[in-house]
Amino acid sequence: MHIAIIGAGISGLMSALELAEQGCSVDIFDQQQAGQATSWAGGGILSPMYPWRYAPEVNQLAQYGKSLYQAWNEKLLPVTGVDFQIHNTGMLIFDQQDFDTGLNYATRHQEPMQQCELLNRSRLEQINPHISRQFQQAIYFPQLSNVRNPRLLQSLIIYLKQHKLVRFFEHCPVEKLMIQNNKVLGIETEDAQKFKADHVVISSGAWSQHWAKQLQCHIPVHPVQGQMLLFKTPENWLPTMCMNRVMYLIPRQDGHIVCGSSMADTGFNTAVDEQTQQNILAACLEMVPELAQFPIVKRWAGLRPSSPQGIPYIGPMPELENLWANFGHFRNGLCMGAGSARLLRQLMLGQKTLVEPHGYSPQRLKQQDLMSP
């Protein structure tokens, strides 16, 4: 089976990995360098932020993130020499209005990884001595982790580029699908090259709306900008991830701390602005005032693929043979990425699925088309 995948972010790369490891030959196309857009820009928390605020479909796939990435890291590391750095830091959440819901979430939804406890100030200081004194309580999720997403992407790209069944076409924008008699025969690039394929997968993230015109359907996915900044502290200085009012701190093993994140409708603009950066900085220093003594070494922005309720489209696209979707993950592309790719592979190859697939079906696009003005 020969498969063309449009988009080399986490969804496209993980889909390619899943399919190539099952013996499929895969061509991966990206309009820029692989792994350089949204997936690189994210924080890499292996859980939705405040999972109780998300649809069950998001949490169902996200709960497979940590275990699947751990398994893939063991397989890829000897080949690539790049460790994903899955960092088991746990998470502190300071939003008091979420305490009761958070404390009951794991039991109510049978998600043991989301077990948490309520900490008083003395316990909080034992677990993370750098937290501001204004926080006298927090809920603590000891099993939550983060993955160093640039390293994850780097490892995937190195592994796939040496894979005998995989070809990369970078800086190669796909212009249109080759369709005949309601069947997709392949893709045509911007420079009029044609590539045949038995199946085509759309994994183009925030750019997925590009296909709406040719497919004559409404694709409610659009870019939402998120800005970040990066501190450099001593190694293992901040022991836990921290979250308050949807702002987060994510410590890496080498002392870098990823701070974010904002939300803005700016189209495809990835420029950072001073006011948003100041807002992020203020939120971070509110949680951990001592960060002010360390340098900020980088600032950047990424584009999340916003979708209704943040539920991705995974499975066969409506009314066309051989066309598949794996896009629309909004804020949770990394934590859902491994589960999404496995679900897609299972659907494409007619295998038993790890979750009930109906809630992710791109048939929803037809229903949304009927509802759109």
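For the structure, see preceding data.
About the criteria used
- Residues numbered from 1 in each chain as written.
- Predicted model: local features only at pLDDT ≥ 70, side-chain atom pairs only at ≥ 80, totals over all residues.
- Heavy atoms only, no water.
- Core = buried A, V, L, I, M, F, W, Y, C linked by side-chain atoms within 4.5 Å.
- Buried < 20%, exposed > 50% of the residue type's maximum accessible area, 1.4 Å probe, protein only.
- Helix = DSSP H or I, 4+ residues; strand = E, 2+ residues; numbered from the N terminus.
- Contact = heavy atoms within 4.5 Å.
- Disulfide = S-S within 2.5 Å.
- 1 Å grid on protein atoms, 1.4 Å probe; cavity = no way out; pocket = protein on both sides within 12 Å on 5 of 7 lines; lining within 4 Å.
- Points joined across faces, edges and corners; volume = space filled by probe spheres on them.
- Axes fitted to C-alpha atoms, helices over the stretch in contact; angles between N-to-C directions.
- Parallel < 35°, antiparallel > 145°, perpendicular 65-115°, else oblique.
- Left-handed = near helix turned anticlockwise from the far one by under 90°.
- Nonpolar A, V, L, I, M, F, W, Y, C, P; charged D, E, K, R; others polar.
- Expected span 1.5 Å × (residues − 1).
- Pairing = 2+ DSSP bridges.

What is the right way to read the nonpolar core from this model?
Nonpolar side chains in soluble globular proteins generally cluster together in the buried interior. Among the nonpolar cores identified, the biggest contains 48 residues, and Leu 13, Met 14, Ile 28 and Tyr 69 are the most heavily contacted of them. Elements that contribute at least two residues to this core include exactly strand S1 (2-6), helix H1 (10-20), strand S2 (25-29), helix H3 (56-62), helix H4 (65-80), helix H7 (149-161), strand S6 (166-169) and helix H10 (333-348). Apart from residues lying up to four places away in sequence, Leu 13 is in contact with Gly 7, Ala 8, Ile 28, Leu 153, Leu 156, Ile 157, Leu 160 and Phe 168.

For this particular structure, what's the right way to read the state of the cysteines?
Linking two cysteines covalently through their sulfur atoms gives a disulfide. Under the defined criterion, the tally for this structure stands at zero disulfides. Sulfur of Cys 259: no disulfide; nearest cysteine sulfur belongs to Cys 284 and is 3.7 Å away. Accessibility expressed as a relative area gives 0% for Cys 259, which makes it buried. Judged by relative accessible area, which is 0%, Cys 284 ranks as buried.

What is the right way to read the environment of Ser 39 from this model?
Checked against the element boundaries, Ser 39 lands in helix H2 (residues 38-41). According to the relative accessible area criterion, Ser 39 is buried, its value standing at 12%. Sequence separation between Ser 39 and Asn 149 is 110 residues, and the spatial gap between their C-alpha atoms is 7.1 Å. Excluding anything up to four places from it in sequence, Ser 39 contacts Gly 9, Ile 10, Asn 149, Leu 153 and Leu 334.

What am I meant to see in the layout of surface pockets here?
A water-sized probe, rolled over the atoms, reveals where empty space remains. Space inside the second largest pocket adds up to approximately 280 Å³. Every residue lining the second largest pocket is counted, 13 residues in all, and those nearest its centre are Leu 215, Gln 216, Cys 217, Pro 318 and Glu 319. Those elements giving two or more residues to the lining of the second largest pocket turn out to be helix H8 (212-215) and helix H11 (364-371).

Quick question: what am I supposed to make of the packing of H4 against H7 here?
The geometry of a pair of packed helices is captured by two quantities: the angle between their axes and the separation between those axes. Two numbers describe how H4 lies on H7: the axes approach to 10 Å, and their chain directions differ by 55°. By the angle between their directions, the pair H4 and H7 is classed as oblique. Relative to H7, the crossing made by H4 is left-handed. Facing Tyr 69, Lys 75, Leu 76, Val 79 and Thr 80 of H4, the residues of H7 in contact are Leu 152, Ser 155, Leu 156, Ile 158 and Tyr 159. Of the residues that constitute the contact of H4 with H7, the class distribution is seven nonpolar, two polar and one charged.

Teacher, can you tell me more about H7 here?
Structural remark: α-helix, 3.6 residues per turn; residues separated by three or four positions point the same way. Between its first and last C-alpha, H7 extends 18 Å over 13 residues, near the 18 Å set by a 1.5 Å rise per residue. For H7, the set of buried residues is Asn 149, Leu 152, Leu 153, Ser 155, Leu 156, Ile 157, Tyr 159 and Leu 160. The elements touched by buried residues of H7 are H1, S2, H2, H4, S6 and H10.

Is there a simple way to think about empty space enclosed by the protein in this case?
All told, the structure shown has two cavities of 30 Å³ or more when counted by the stated rule. Put simply, the largest cavity is a space of about 50 Å³. Every residue lining the largest cavity is listed: Ile 45, Ser 47, Pro 48, Met 49, Tyr 50, Pro 51, Met 91, Ile 93, Gln 114, Phe 141, Leu 144 and Met 243. Of the residues assigned to the lining of the largest cavity, the class counts are ten nonpolar, two polar and no charged. Roughly 30 Å³ of internal volume is contained in the second largest cavity. Considering the residues around the second largest cavity, the lining is formed by Leu 46, Ser 47, Pro 48, Asn 59, Ala 62, Gln 63, Glu 111, Met 113 and Gln 114.

What is the right way to read the sheet that holds strand S8 (residues 183-189) from this model?
Neighbouring strands of a sheet are bound in pairs by backbone hydrogen bonds; such pairs are parallel or else antiparallel. Taken in spatial order, the three strands make up an open sheet running S7-S8-S9, and their pairing is antiparallel. A strand with exactly one partner marks an edge of an open sheet, and here the two such strands are strand S7 (174-180) and strand S9 (194-196). Each neighbouring strand pair of the sheet contributes to a mean axis angle of 30°, computed without reference to strand direction.

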